[in-house]
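Residue-level listing of the chains:
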Amino acid sequence: MNDNTLEDRLAALTAAIADRTRARMLCLLMDGRAYTATELSAAVDVAASTASSHLARLQEQNLIGCVKQGRNRFYRLAGKPVADMLESLMALAGVERPTVKSSTPASLRYARTCYDHMAGEIAVQLHHQLLARAWLIGDNDYQLSEAGQAALTQLGIDCSPAPTRRRFACDCLDWSERKAHLGGALGAAILAAFEKRGWVQRQLDSRELQLTAAGRKALSAHFGLAL
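Being a predicted model, the structure only gives us computed values, none of them experimental.

Peer 1: I'm lost on the overall build of the chain in this one. Help?
Peer 2: Secondary structure summary: the chain contains ten helices and ten strands in total. Once the C-alpha set of the chain is aligned to its principal axes, its extents read approximately 60 × 40 × 35 Å. Counting the 227 residues in the chain, one finds 41% classified as buried. Long-range contacts, defined here as pairs at least 24 residues apart, represent 57% of the contacts in the chain between residues at least 6 apart. With an accessible surface of roughly 12800 Å², the chain has 51% of that area assigned to carbon and sulfur atoms. Counting 27 positive and 23 negative side-chain charges, the chain places the averaged centre of each group 5 Å from the other.

Peer 1: I tried to follow the state of the cysteines on my own but got confused; where do I start?
Peer 2: Structurally, a disulfide amounts to a covalent bond that connects the sulfur atoms of two cysteines. A full pass over the atoms with the stated rule returns zero disulfides. Of all cysteine sulfurs in the structure, the one in Cys172 sits closest to Cys114, which takes part in no disulfide; the separation is 4.1 Å. The class of Cys172 is buried, set by a relative accessible area of 13%.

Peer 1: Can you walk me through the nonpolar core in this structure?
Peer 2: One recurring pattern in soluble globular proteins: nonpolar side chains tend to sit buried together. With 32 residues, the main nonpolar core has Leu130, Leu152, Ile157, Leu186, Phe194 and Phe223 as its most contacted residues. It is helix α9 (residues 184-196) that provides the largest number of residues to this core, a total of six residues. Within the second largest apolar cluster, 22 residues are counted, among which are Ala16, Leu26, Met30 and Leu40.

Peer 1: Please explain the pairing of strand β8 (residues 180-183) as it appears in this structure.
Peer 2: Remark: a regular strand shows side chains that alternate across the two faces of the sheet. Of the strand pairs in this sheet, strand β7 (residues 170-173) and β8 are connected by four bridges, and their pairing is antiparallel. Note that in β8 the partner of Asp171 across the bridge is Leu182. In this structure, the hairpin formed by β7 and β8 is closed by a connection of six residues, where Arg178 is found at a positive phi of approximately 60 degrees.

Peer 1: Is there a simple way to think about the packing of aromatic side chains in this case?
Peer 2: Two descriptors summarise a pair of aromatic rings, namely the distance from one centre to the other and the angle between the planes of the rings. Evaluated as defined, the whole model comprises three aromatic pairs. Ring plane angle 50 degrees and centroid distance 5.2 Å describe the contact between Phe194 and Trp199, whose orientation is recorded as tilted. Feature note: the residues Trp135, Phe194, Trp199 and Phe223 constitute an aromatic cluster, connected by ring pairs. Over the face of the ring belonging to Trp175 we find Arg112, whose NZ or CZ atom lies 4.1 Å from the ring centre.

Peer 1: I'm lost on the pattern of salt bridges in this one. Help?
Peer 2: Any two side chains of opposite charge can pair, given that their charged atoms come close. Applying the stated rule across the entire model yields nine salt bridges. Of the charged contacts, one joins Arg167 and Asp141 as a salt bridge, the two residues approaching to 2.8 Å between their closest N and O atoms. Of the two residues, Arg167 is situated in the loop between α8 (146-154) and β7 and Asp141 in strand β6 (residues 141-144); the sequence distance between them amounts to 26 residues. Overall, the relative accessible area of 45% leaves Asp141 in the partly exposed class. Its salt-bridge partner being Glu195, residue Arg202 comes within 2.8 Å of it at the nearest N-O pair. By sharing partners, the salt bridges in this structure join Asp31, Arg33, Arg109 and Glu177 into a single network.

Peer 1: What exactly am I supposed to notice about the environment of Ala132 here?
Peer 2: Relative to the helices and strands, Ala132 is located in helix α7 (residues 121-132). In sequence terms Ala132 and Gln201 are 69 residues apart; their C-alpha atoms lie 26 Å from each other.

Peer 1: How do you make sense of the domain arrangement of the chain when you look at a structure like this?
Peer 2: By convention, interface size is frequently given as the accessible area that disappears when the constituent parts associate. Domain annotation of the chain identifies domain 1 (6-93) and domain 2 (106-223). A separation of 30 Å is found between the C-alpha centroids of domain 1 and domain 2. Facing the eleven residues of domain 1 at the interface are seven residues of domain 2. With both sides pooled, the region where domain 1 packs onto domain 2 buries about 740 Å², and carbon together with sulfur makes up 45% of that total. Its largest share of buried area at the contact with domain 2, domain 1 owes to Arg33, Ala34 and Gln69, together 56% of the area lost on that side. Our count for the domain 1 to domain 2 interface comes out at two salt bridges. Between Glu39 and Arg178 there is a salt bridge, with its nearest N and O atoms 2.6 Å apart. On the surface where domain 1 and domain 2 come into contact, there are four residue pairs in polar contact (both at pLDDT 80 or more). Listed by contribution, the elements that provide at least two residues to the side of domain 1 that touches domain 2 are β1 (64-69) and β2 (72-77).

Reading the values: the criteria
- Residues numbered from 1 in each chain as written.
- Predicted model: local features only at pLDDT ≥ 70, side-chain atom pairs only at ≥ 80, totals over all residues.
- Heavy atoms only, no water.
- Helix = DSSP H or I, 4+ residues; strand = E, 2+ residues; numbered from the N terminus.
- Buried < 20%, exposed > 50% of the residue type's maximum accessible area, 1.4 Å probe, protein only.
- Contact = heavy atoms within 4.5 Å.
- Areas by Shrake-Rupley, 256 points an atom, 1.4 Å probe, with all protein chains shown as cover.
- Lys, Arg positive; Asp, Glu negative; His and termini not counted.
- Charge placed at Lys NZ, Arg CZ, Asp CG, Glu CD.
- Disulfide = S-S within 2.5 Å.
- Core = buried A, V, L, I, M, F, W, Y, C linked by side-chain atoms within 4.5 Å.
- Pairing = 2+ DSSP bridges.
- Phe/Tyr/Trp six-rings, centres within 6.5 Å; stacked < 30°, edge-to-face > 60°.
- Lys NZ or Arg CZ within 6 Å of the ring centre and 35° of its normal.
- Salt bridge = Lys/Arg side-chain N within 4 Å of Asp/Glu carboxyl O.
- Domains from an automatic or database assignment.
- Buried area = accessible area lost by both parts, 1.4 Å probe.
- Polar contact = N/O pair within 3.5 Å; in protein donor to acceptor, adjacent residues only side chain to side chain.

Right under this line is the structure:
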């Protein structure tokens, strides 16, 4: 790469960040969550069409990525290098970053079902811990490491391969936390095992899951969850 190419690339990158609306969008995305274009347009107080144009510019510069979930598209930071760069710039600016407040009831945000697997704050923490301990390996489509297989099997979780048409383990974007929880056959097996052990209980006429006292102790002991 020659100097002119590098300088042009750097100029394009900083120009994308320099716009006030795009800068605010990036600051909002610094919470690690993913948001729709509609949510971001409301948060920065611009029309949906204007927000889409700004998001396209940020994508063009590889500052954000897009995640498709059903009919929706969610936008999030492209990765840790982008977050690190923004963190440094925000520290220099010396102003507290804005946040987006969730309207989801607290009980549903904490723990609920997502089809046949767990969702909510607990599930997002669990997904993070499984990756941090290298029990899950891979990118989006996961496999169990030997240590992960042994640990989960010991807890009575069915780790057998998924049926032909179902993914074994994958990330699933959580609609309240806007971070990934664990889906696929393994996600379903974990919920089934947690219910069997009495660690979580379903609530009648609701997707809400209640974490029991035994479950709180077990998830802290076995997975290191801060509950």
